[in-house]
Amino acid sequence: MNTIAIDGPAASGKSTVGSKVANALGYLFFDTGVMYRAVTWTALKHKVNISDEGAVSAIAKDIPIDVQPPSTDDGRSSDVVVEGEDITWACRKPEVDANVSAVASYAGVRAALSEQQRRIGLRGKVVMVGRDIGTVVIPEANLKVYLDASAEERAKRRYDEIIARGEDADYAEILTKVKERDHVDSTRALSPLRPADDAVIIDSDNLDINQVIEKILALNTR
Ligand code: CDP
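So, here is what we can say about the structure in this document. (Residues numbered from 1 in each chain as written. Predicted model: local features only at pLDDT ≥ 70, side-chain atom pairs only at ≥ 80, totals over all residues. Heavy atoms only, no water.)

## Quick look at helix α8 (residues 171-187)
Compared with an ideal rise of 1.5 Å per residue, which puts 17 residues at 24 Å, α8 spans 24 Å between its outermost C-alpha atoms and is within 8% of the ideal. Turning to α8, its buried residues are I174, L175, V178, R181, D182 and D185. The arc that holds the buried residues of α8, viewed along the axis, is 130°, so those residues lie on one side. In α8, those exposed residues whose orientation departs by more than 90 degrees from the buried face are H183 and T187. At its buried positions, α8 is contacted by α2 (33-45), α4 (94-103) and α7 (151-164). The N-capping residue of α8, defined by a side-chain oxygen 3.1 Å from the backbone nitrogen of A172, is D170. (Helix = DSSP H or I, 4+ residues; strand = E, 2+ residues; numbered from the N terminus. Expected span 1.5 Å × (residues − 1). Buried < 20%, exposed > 50% of the residue type's maximum accessible area, 1.4 Å probe, protein only. Arc of directions from axis to C-beta. Contact = heavy atoms within 4.5 Å. Polar contact = N/O pair within 3.5 Å; in protein donor to acceptor, adjacent residues only side chain to side chain.)

Spelled out as structure tokens, the structure:
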């Protein structure tokens, strides 16, 4: 099937690493987090109350989310299009960050999105990144990696990313938000963030991106 699952906490480098591993192997890269972000962005756009589980779940079920290979070379790893609008960067705004973990805790949202993700993963030749790919979405993946790093290192990476885009950022605030999201993601009842029993855990605190990529490529030949 040739499916590689990469899970891990917020800003652990999953997207950068995942897209480069996919490129090296000629596989599709699929970042499942953007689907949860797209639902959150759409709910906020339509002024749906985020605590209204039924209304938010209906969005996940009814609104087609297109995730396509990148059309522009501006650092994106895919295009995210909803209702004809390119929301690739909009869905990474702090307002979405602040609400996405609540949205991702809803059963209706998870059922709708993970069904689509599983269909894509089972086609094979795909690197899929998220929180529950190895545990729930594609437990039969050929290789499962859990990419970890300390909250401080992850907040620093997220800070550098935002500054590189020319936007303002506050490190202390980012660190608090990263910790909050970790907490919600790992303590939720449904598909909480955790390494699969057979996942290879890579701690990237002292590794640069290329070293992480090399490790994963070496593991993939097992
Ligand atoms: O890029 P970052 O690590 O900050 O987050 P993301 O991968 O874009 O995911 C955003 C949020 O979606 C996470 O904090 C989770 O709450 C949720 N998510 C999930 O529940 N399951 C997934 N497979 C992927 C994301």
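Once you've had a look at it, read on.
## Points about the sheet that holds strand β1 (residues 3-7)
Two strands in a sheet stick together by hydrogen bonds in their backbones, pointing the same way (parallel) or opposite ways (antiparallel). Within the open sheet, the 5 strands sit side by side as β2-β6-β1-β7-β8. Their pairing is parallel. Pairing within the sheet leaves two strands with one partner each, and these edge strands are β2 (28-31) and β8 (200-203). Taken over all neighbouring pairs, the strand axes of this sheet differ in orientation by 20° on average, direction set aside. Seen against the sheet, helix α5 (residues 107-122) touches β1, β2 and β6 (126-130) and runs at an angle of roughly 150° to β6. (Pairing = 2+ DSSP bridges. Axes fitted to C-alpha atoms, helices over the stretch in contact; angles between N-to-C directions.)

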